[in-house]
Amino acid sequence: MSFAEATARERVHASLHLALAVSRFRFWIYTGGTYVVGVALGMNDWGIFFTPAYYLYLLYFFIPANIFIYGINDLWDGATDGINSKKQEKEHLLIDGERRDLVVLLAVVAALSAGLLLVQDWIGRTLFLAFLFLAYFYSAPPLRFKEVPVLDFSSNMLYILPGIFGFYLAAGALPSSLLIAAGFCHIAAMHIFSAIPDIDCDRKAGITTTAVWAGYRPALLLCLVFWTLFAAIVLWLAGGHPLALPVLIYPALPAILLQCESVSIDHVYWYLPFINTALGGLAFGVLVYLKMW
C-alpha cells in the first residue's frame, strides 16, 4: 500500500469516527424512531415495510439527519461547549483540527438531502425542507432559535417532522392536528428538560434559553405542563388502554424532581433516551399489531 493510499484510508477512518461521534448515537432514536412510529401510525398494511423508500428514509433519519443536526450545533456552540462538563464527559467536544472535516461531512449530508428533495412530491418536499430549515437555524445565525426563549423549544418541532414525513409516506395524507399537538407537547417538554442541566454554563456564555429565562423550578413546571398535556392526549387517543399508561412516566419525572431536591436532573436526564426508546418501541409494536389484526 502506498503512502498516499494509507493517508487516504486514515482520513476516511477519521471522518467516519467524527461522523459517529458528532451525531450522538444515543440520540439517533429521536429522529429515526420518530420516523418509524410515524410510518406505523399512517400505514394501512405491511406493504410499506417492503418499499425501498421506507429504508432509504429510515437510514437517512437515523444517521445523516443527526450528523446535520448536531454537526451544525457543534460548529456554532463553541462558546458554551468549552465550559459545559456534559461535552467533556458524555459527548464529543469538537476541536479546531476537526472543523474542516466536519464542514465536509455536512456538505455531503446537504448534497444527499438535496438529492432526496428531487424525488419527493411538493408535500414531502415541504416537510423535508422544514426539517432542514429548523435543524440548521436552531443553532446557526442569524436566526439561532436556541438563544430565543419559547422559540428554542418550538423550533424543536424538527424532531416531530420525521414522524409527520413517515406518516405521509405511509398514508399519503398528513396526521391529525391532535397527533401533531401531542408531538409538539412532547418535544417542548423534552427540550426544556434537556436545557435545565445547562442553565449555569448557558448563562455564563450569554445564551438565554427558556430554561435560563425561567429558572430551575419554573422550567420544571413547564415540563410538567407540557408532558401532562402530552400524556392526556395519548391516553385520549388510546381510549384509556392500559398499554398507554406508561406515558405517565413523562409527567412523573418533573413532578419527582420538584418534590425531591435530593434527586439530580443531571443524572435523570441521561435516562431519557432509554425511556424514549422503550416507550417508542412499545408504541410501534402496539400500532403494528392493531393495524394488522
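Relevant structure appears above.
What you are looking at is a predicted structure, and each value in this text was computed from that prediction instead of being measured.

Draft legend 1. Expanded view of helix α2 (residues 29-42). With 14 residues, α2 extends 19 Å between its outermost C-alpha atoms, agreeing within 8% with the 20 Å of an ideal straight helix rising 1.5 Å per residue. A large share of α2 lies buried, amounting to 11 of its 14 residues. Turning to α2, its buried residues number three or more, namely Tyr30, Thr31, Gly32, Gly33, Tyr35, Val36, Val37, Gly38, Val39, Ala40 and Gly42.

Draft legend 2. Expanded view of the pattern of salt bridges. Applying the stated criterion across every chain, the model contains three salt bridges. In this structure, Arg24 engages Asp74 in a salt bridge whose closest nitrogen and oxygen atoms are separated by 2.8 Å. With a gap of 50 residues between them, Arg24 in the loop between α1 (3-22) and α2 and Asp74 in helix α4 (residues 64-76) connect regions that are remote in the sequence. Two residues, Asp200 and Arg203, come together in a salt bridge whose shortest N-O distance is 3.8 Å. One end of the pair is Asp200 and the other is Arg203, both in helix α12 (residues 199-204) and three residues apart, which spans about a single turn.

Draft legend 3. Summary view of the environment of Asn44. Residue placement: Asn44 occurs in the loop between α2 and α3 (52-62). Taking the C-alpha atoms as reference, Asn44 lies 6.9 Å from Lys291; in sequence the two are 247 residues apart.

Draft legend 4. Structural context of the nonpolar core. Core analysis: the biggest nonpolar cluster contains 86 residues, and Tyr35, Phe61, Phe128, Phe131, Phe193 and Trp227 have the highest contact counts within it. If near-sequence neighbours (up to four positions away) are discounted, Tyr35 is found in contact with Ala53, Tyr54, Tyr57, Leu58, Phe61, Pro162, Gly163, Phe165, Gly166 and Leu169.

Draft legend 5. How the structure looks around a nonpolar patch on the surface. There is a patch of nonpolar side chains on the surface, built from Leu178, Trp236 and Leu237 and spanning about 350 Å² of accessible area. Structurally, Leu178 is set in helix α11 (residues 177-195).

Draft legend 6. Representation of α4 within the structure. Here α4 spans 18 Å end to end across 13 residues, near enough to the 18 Å set by a 1.5 Å rise per residue. Taking burial as the measure, the 13 residues of α4 include 12 buried ones, the bulk of the element. Listed as buried for α4 are Pro64, Ala65, Asn66, Ile67, Phe68, Ile69, Tyr70, Gly71, Ile72, Asn73, Asp74 and Leu75.

Draft legend 7. Main features of the environment of Val108. Positionally, Val108 belongs in helix α7 (residues 99-118). Take Val108: its relative accessible area is 53%, and that puts it in the exposed class. Here the alpha-carbon distance between Val108 and Phe68, two residues 40 residues apart in the chain, equals 9.6 Å.

Draft legend 8. Just the packing of α3 against α4, in detail. Relative to each other, α3 and α4 sit at 25°, their axes nearing to 3 Å. Considering their axes alone, α3 and α4 lie roughly parallel with respect to each other. Here α3 contributes Leu59, Tyr60, Phe61 and Phe62 to the contact with α4, which in turn contributes Pro64, Ala65 and Asn66. For the contact of α3 with α4, the residue count by class is six nonpolar, one polar and no charged.

Draft legend 9. How the structure looks around the side chain of Asn66. With respect to the helices and strands, Asn66 occurs in helix α4. Only 2.8 Å separates the side chain of Asn66 from the backbone oxygen of Phe62, close enough to count as a polar contact. Among all residues touching Asn66, those that are not within four sequence positions of it are Ser23, Phe27, Trp28, Thr31, Phe61 and Gly71.

Draft legend 10. Main features of unusual backbone geometry. Residue Pro142 follows Pro141 across a cis peptide bond; omega there is 10°. For Pro142, the location among the structural elements is in the loop between α8 (122-137) and α9 (151-154). Despite not being glycine, Arg24 shows a phi value in the positive range, around 55°. Taking relative accessible area as the criterion, Arg24 reaches 10% and is therefore assigned buried.

Draft legend 11. Quick peek at the side chain of Asp152. Within the secondary structure layout, Asp152 lies in helix α9. There is no salt bridge for the buried Asp152, and the closest opposite charge comes from Lys146, which lies 8.8 Å off by N-O distance. Of note is the side chain of Asp152, whose polar atom sits 3.2 Å from the backbone nitrogen of Val150. When neighbours within four sequence positions are excluded, Asp152 is seen to be in contact with Tyr138, Phe145, Lys146, His191, Thr209 and Thr210.

The rules we used
All residue numbers refer to position in the chain's written sequence, counted from 1. Since the coordinates come from a predicted model, pLDDT governs what is reported: local features require at least 70, and pairs of side-chain atoms require 80 or more to be given and counted, while whole-chain, interface and lining totals use all residues. The basis for the side-chain values is all heavy atoms of the structure; hydrogens and waters are excluded. Under the scheme used here, helices are H or I runs from DSSP no shorter than 4 residues and strands are E runs no shorter than 2 residues, and both carry numbers assigned from the N terminus. For a helix, the expected span equals 1.5 Å multiplied by the residue count minus one. Classification of residues uses two cut-offs on accessible area relative to the type maximum, computed with a 1.4 Å probe and protein chains only: under 20% is buried, over 50% is exposed, and between them is partly exposed. A pair is scored as a salt bridge if a Lys or Arg side-chain nitrogen falls within 4 Å of a carboxyl oxygen belonging to Asp or Glu. The definition of a nonpolar core used throughout is a set of buried Ala, Val, Leu, Ile, Met, Phe, Trp, Tyr and Cys residues joined through side-chain atoms within 4.5 Å. Only heavy atoms enter the contact rule, under which two residues are in contact if any of them lie within 4.5 Å. To count toward a patch, a residue needs a relative accessible area over 30% and no salt bridge; like charges are then connected within 9 Å, while nonpolar side chains (Val, Leu, Ile, Met, Phe, Trp, Tyr) are connected within 5 Å. The Shrake-Rupley method, run with a 1.4 Å probe sphere, supplies the accessible areas, and residue values consider only the shown protein chains as cover. Every axis in this analysis is a line fitted to C-alpha atoms, fitted for helices over the stretch in contact. Angles between the N-to-C directions lie between 0 and 180 degrees. Here the word oblique covers every angle except those under 35 degrees (roughly parallel), over 145 (roughly antiparallel) and from 65 to 115 (roughly perpendicular). Amino acid classes used here: Ala, Val, Leu, Ile, Met, Phe, Trp, Tyr, Cys and Pro are nonpolar; Asp, Glu, Lys and Arg are charged; the rest, including Gly, are polar. Between N or O atoms, a polar contact is any pair within 3.5 Å; within protein, one atom must be a potential hydrogen donor and the other a potential acceptor, and residues adjacent in sequence are included only when both atoms are from side chains. Think of it this way: Lys and Arg go in the positive column, Asp and Glu in the negative one, and His and the chain ends go nowhere.

The quantities given are spatial measurements derived from coordinates; they are silent on function.
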